[in-house]
Number of protein chains: 2
Amino acid sequence: MEHHMNAEIRPALDPKEFRTALGSFTTGVTVITARAGDGTAVGLTANSFNSVSLDPPMVLWSLSKKAQSLPAFTTTRHWAVHVLAADQESLSDRFARRGEDKFAGLALESGHEGVPLLKGCSARFQCKTSFQYEGGDHIIFVGEVVAFDRCEHPPLAFHAGRYAIATQKDPSLPKPRSARLAGSFSDDFLGYLLGRAHFQFYQSIRENARAQGLSDPQWFVLATVTVKDGVSAQEVDEAIAYSLGEPSGPILDSLVASGWLERSTRAAAGAVTFRLTEDGRDRALHLLAAAKSLEADTLGRIGYADGAVLKTLLQKFIHSTNPGLPDLWGDA
Amino acid sequence: MEHHMNAEIRPALDPKEFRTALGSFTTGVTVITARAGDGTAVGLTANSFNSVSLDPPMVLWSLSKKAQSLPAFTTTRHWAVHVLAADQESLSDRFARRGEDKFAGLALESGHEGVPLLKGCSARFQCKTSFQYEGGDHIIFVGEVVAFDRCEHPPLAFHAGRYAIATQKDPSLPKPRSARLAGSFSDDFLGYLLGRAHFQFYQSIRENARAQGLSDPQWFVLATVTVKDGVSAQEVDEAIAYSLGEPSGPILDSLVASGWLERSTRAAAGAVTFRLTEDGRDRALHLLAAAKSLEADTLGRIGYADGAVLKTLLQKFIHSTNPGLPDLWGDA
């Protein structure tokens, strides 16, 4: 990998560049809540949180001197830090905005000294201010943790100005190995990984399909027909010829012959289309249910967080390598 | 997703549980360096770094009062924070250990006031202590940033006690959609994503293979034969029958007929094996080179960091769903 140091050490710091450089340090996302002197709930999104001390247990975060909530936090000594979970992006957005009633409609709990607590977070720390320190255009709040709890939700991360999810590296995975023949594949080749993951996943779907008398191409075509009510051979070809590797016409015909599909004519176009028979529909739903159960089982094995990241990356991958396939789901 | 709050608010804090809860806040990983009074280079790994102020530009981090390097940092006012890149795990490990000469063998640069600077990091901040604050069993160092630089290396992250890589969420990706038929697939179904990503990637490999007169199964078998010098039909079946969906014997025979493979006998086992002919080898290397070039192009499109995470997750996925396939690369 080439190193592109963006610039020499510069005498005057560019604020935009400085923010960008700071963004290279990945953080979690927290919402910090308290009660103002008049009892109003206040809260804000912050990624300046970090641990400080284990004994006594202490954490810190920084608040802009221009923040609306500054008077509340310099008055009260009690506040709570919520480490947001991966599915709490909207909560982060809500508490990052100014002015509105940020707590409207949220189910709250009441913490130590009445501090409002949010639910569904990865961790919560209830704190009491130990120190308020000067920090340029911010005040640094250092608090002793008086109570905390956590749950198994994977946390939201923040990196380079965007929400992110962190995937743990797994040191127990075998290192990539090259093949004997120079220039051959290693087992780290993306095509191998995609193919093997796909076929390994597909194996038990295939077993179910075979038990129902379906070949691989028949199964692919059938899964496509479940998405839409009536498809033409041309539509199937456009959508999945790349996965079939052969024209879908004969496969559609074979599914008609075995009673899964029937021919119909779509009024608008007048084209011959194929749709599930009642029997085909029942049998397809049975196969789909098994496939979904397989998905749930598989995602459980690699963990919810990694499963979510894998799906996100596959979507990015499909999007960025799309050769211009028609959108099968578009007008489903 | 179910919420499992691990415990009620507890009166006395359990240190181990507290560390675990803190671990739910994702961070980057930094190495902080300075020169001690005698000119010796000192450095340590810290994830307690964070930004504090934009104007003036300030950052902070915390150092244990028991740290060997504490006297150095309370004496000098000059230090540098290195935000480590995803490929700098070993540097993190090195600077997290006690006692040894942590800088031995490292190519260093010299920063402001002679502070030793490491190379290949995601970002570097050269700082001058503004404040040293009391923080329980740690000292909080707040420094003004006098210089910084960064490069495009994706950063290392740390989460729940392990190294991690953060994948940015992509708000521009379409939301998952369900199909018309109740119980049918959505385009978020893992099997669909894996299959589509695989086939989309495979499409241009297939085009090349077709131009050489190879069918899909022939290409799969051929790629397998390039890994090892001489494989039997049984070995191919054990390794890739799940991807072929059919026995490999007839495919191997067809590759012999077209001059890509030749039969040979492995001395040890006496079994009939197949190996590339000289011509087959030349043609296979041509196909492999095109496939590798496709991989490089594809990884470039989704970005180095996401490509690395995708590969890691596919490896985890393959590992956790492995039905017990033999290791083709094992004795290659």
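Quick notes on the rules
- Residues numbered from 1 in each chain as written.
- Chains lettered and ligands numbered in written order.
- Predicted model: local features only at pLDDT ≥ 70, side-chain atom pairs only at ≥ 80, totals over all residues.
- Heavy atoms only, no water.
- Helix = DSSP H or I, 4+ residues; strand = E, 2+ residues; numbered from the N terminus.
- Buried < 20%, exposed > 50% of the residue type's maximum accessible area, 1.4 Å probe, protein only.
- Areas by Shrake-Rupley, 256 points an atom, 1.4 Å probe, with all protein chains shown as cover.
- Contact = heavy atoms within 4.5 Å.
- Buried area = accessible area lost by both parts, 1.4 Å probe.
- Salt bridge = Lys/Arg side-chain N within 4 Å of Asp/Glu carboxyl O.
- Polar contact = N/O pair within 3.5 Å; in protein donor to acceptor, adjacent residues only side chain to side chain.
- Nonpolar A, V, L, I, M, F, W, Y, C, P; charged D, E, K, R; others polar.
- Pairing = 2+ DSSP bridges.

Colleague: It is not clear to me how the overall build of chain A should be interpreted in this structure. Could you clarify?
Modeller: Looking only at helices and strands, one finds nine helices and 14 strands in chain A. Among the 332 residues that make up chain A, the fraction classed as buried is 54%. Within the structure as shown, chain A displays about 13,800 Å² of accessible surface, and the carbon and sulfur contribution to it stands at 50%.

Colleague: Even after reading the chapter, I still don't get the interface of chain A and chain B, so can you show me in this structure?
Modeller: Many structure descriptions define interface size as the accessible area lost when the parts assemble. On the chain B side, the residues contacting the 158 residues of chain A number 157 residues. Buried area between chain A and chain B, both sides added, is near 15,200 Å², and the carbon and sulfur share of it is 66%. At the junction of chain A with chain B, the criterion picks out two salt bridges. The closest approach of N and O atoms between Asp306(A) and Lys316(B), which form a salt bridge, is 2.7 Å. For the pair chain A and chain B, the number of links is 29 residue pairs in polar contact (both at pLDDT 80 or more). A per-element tally of the side of chain A that touches chain B places helix α4 (residues 190-211) of chain A first, with 16 residues. Here the side of chain A that touches chain B is composed, by residue class, of 79 nonpolar, 45 polar and 34 charged. Bridge analysis of strand β12 (residues 162-168) of chain A against strand β12 (residues 162-168) of chain B gives five bridges, and the strand direction is antiparallel. Note on β12(B): the bridge partner recorded for Ala164(A) is Gln168(B).

Colleague: Quick question: what am I supposed to make of the pairing of strand β2 (residues 30-35) of chain A here?
Modeller: Regular strands place side chains that alternate from one sheet face to the opposite one. Residues and elements named next belong to chain A. Burial of β2 is extensive: five of the six residues sit out of reach of the surface. Relative to strand β3 (residues 41-46), β2 runs antiparallel, the two sharing six bridges. The partner of Val31 across the bridge, within β3, is Thr45. Pairing geometry for β2 and strand β6 (residues 78-83), over five bridges, is antiparallel. Residue pairing in the sheet places Val31 in a bridge with His82 of β6.

Colleague: Would you explain unusual backbone geometry in this entry?
Modeller: With the exception of glycine, the majority of residues adopt a negative phi angle, and the majority of peptide bonds are in the trans configuration. All names here are of chain A. With an omega of 0 degrees, the peptide bond between Asp55 and Pro56 qualifies as cis. Along the chain, Pro56 turns up in the loop between β4 (50-53) and β5 (58-64). Unusually for a residue other than glycine, Glu113 sits at a positive phi of about 60 degrees. Tracing the sequence through the fold places Glu113 in the loop between β7 (109-110) and β8 (116-117). Phi angles above zero are rare outside glycine, and Ala160 is one such case at about 55 degrees. Inspection of the secondary structure assignment puts Ala160 in the loop between β11 (157-159) and β12.

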